[in-house]
There are 2 protein chains.
Amino acid sequence: MPVSESVSEQCPDCKRISEVLTRVGDRWSVLVIISLAQYGTLRFNELKRNLGISQRMLSRTLRELERDGLVNRTYHPTIPPKVEYNLTAMGESFREPVSALGQWALENLVTIDAARESYDAAAERKQAVAS
Amino acid sequence: MPVSESVSEQCPDCKRISEVLTRVGDRWSVLVIISLAQYGTLRFNELKRNLGISQRMLSRTLRELERDGLVNRTYHPTIPPKVEYNLTAMGESFREPVSALGQWALENLVTIDAARESYDAAAERKQAVAS
DNA sequence: CAGTATCCTACTTGATACTG
DNA sequence: CAGTATCAAGTAGGATACTG
């Protein structure tokens, strides 16, 4: 992610915040963390079914989260193999700010939808006038 | 964003949460909101300089945020034109969960970096053994 | 079961150039 | 100044097939 030169003049925290956000802030990471926070421990295919995520993306997401120290991976060399995932301490600590965000999201979904509709309606009227 | 059928069995909130997150949870939206929360009111080019964002992306991000009812846009038809942006009430209310996230991000950057390094080091050792 | 490998499409983003 | 239009490049993400 190449960052342009003009970055020098910006609010000091923005760069670092966005660093972390691009790490753990993407759609799938957040959902995996929420699921693990809710259920404690889950197997690969349990997560897959839970989230409606493709095998490929789940595999990648879990590897990144393990790499960043947010989830633990436990491999049981049975036949068939069994792999379990759960949150590390840091993963747990991430839970709180994330659920605050989730809470806000749920509370404001309706308002946002309404704002969108009125915005779109206004845009359409403008369009009609212009024609 | 087409969602697969298997979604039916998932945690009920995940879908709605991810809806909102894909709306206001992307990198630039969060940074714009943080900046406006910090400075109150900013002009287009002030935001652009602050964030090191391209004109195109800033324009799109602001339009979406306005559409979702999170920011106000005020157009002054002077020459040259002057456009000011600030947070709406809902935008302000978003500030709290977002700064909680930002706070967590700042606090855990170092830990995450350390986790990555140790993970990568372990992966390299594994690689060396395999060869 | 828990992945990896490959292929392919669609969206995202930046750079550049132009406009009122 | 505050954008829009266009193009080029990279990335996200799904589908499919294969492996230990």
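Residues numbered from 1 in each chain as written. Chains lettered and ligands numbered in written order. Predicted model: local features only at pLDDT ≥ 70, side-chain atom pairs only at ≥ 80, totals over all residues. Heavy atoms only, no water.

This part takes up the layout of surface pockets. A volume near 560 Å³ is recorded for the largest pocket. What lines the largest pocket is a set of 33 residues, among which B:Leu21, B:Val24, B:Gly25, B:Asp26 and B:Arg27 lie closest to the centre. Among the secondary structure elements, those contributing two or more residues to the lining of the largest pocket are α1 (12-24), α2 (27-39) and α5 (89-130) of chain A together with α1 (12-24), α2 (27-39), α4 (55-67) and α5 (89-130) of chain B. Tallied by class, the residues present in the lining of the largest pocket amount to 18 nonpolar, seven polar and eight charged. (1 Å grid on protein atoms, 1.4 Å probe; cavity = no way out; pocket = protein on both sides within 12 Å on 5 of 7 lines; lining within 4 Å. Points joined across faces, edges and corners; volume = space filled by probe spheres on them. Helix = DSSP H or I, 4+ residues; strand = E, 2+ residues; numbered from the N terminus. Nonpolar A, V, L, I, M, F, W, Y, C, P; charged D, E, K, R; others polar.)

Another aspect to go through is the protein's contact with DNA strand C. Inspection of the region around DNA strand C gives 20 residues, with A:Gln55, A:Ser59, A:Arg73, A:Tyr85 and B:Arg56 positioned closest. The sugar-phosphate share of atoms of DNA strand C within 4 Å of the protein amounts to 60%. Interatomic distance of 3.5 Å between a backbone N/O atom of A:Pro81 and a sugar or linking oxygen of DNA strand C. A distance of 3.3 Å separates a base nitrogen of DNA strand C from a polar side-chain atom of B:Arg56. Of all the secondary structure elements, the ones that give two or more residues to the surface near DNA strand C are α3 (44-51), α4 (55-67) and β3 (82-87) of chain A together with α4 of chain B. (Near = heavy atom within 4 Å. Polar contact = N/O pair within 3.5 Å; in protein donor to acceptor, adjacent residues only side chain to side chain.)

Turning to the relation of the copies chain B and chain A, a few remarks are in order. The operation relating chain B to chain A is a screw motion whose rotation component is 180°, with 0.1 Å of axial translation and a residual RMSD of 0.2 Å. Expressed as an axis order, the relation between the two copies is that of a two-fold axis. The rotation axis passes nearest to the C-alpha of B:Pro97 in chain B, at a distance of 3.3 Å. Here 98% of the interface residues in chain B have copies in chain A that are interface residues too; the copies meet face to matching face. (Least-squares fit on C-alpha atoms with pLDDT ≥ 70 in both. Contact = heavy atoms within 4.5 Å.)

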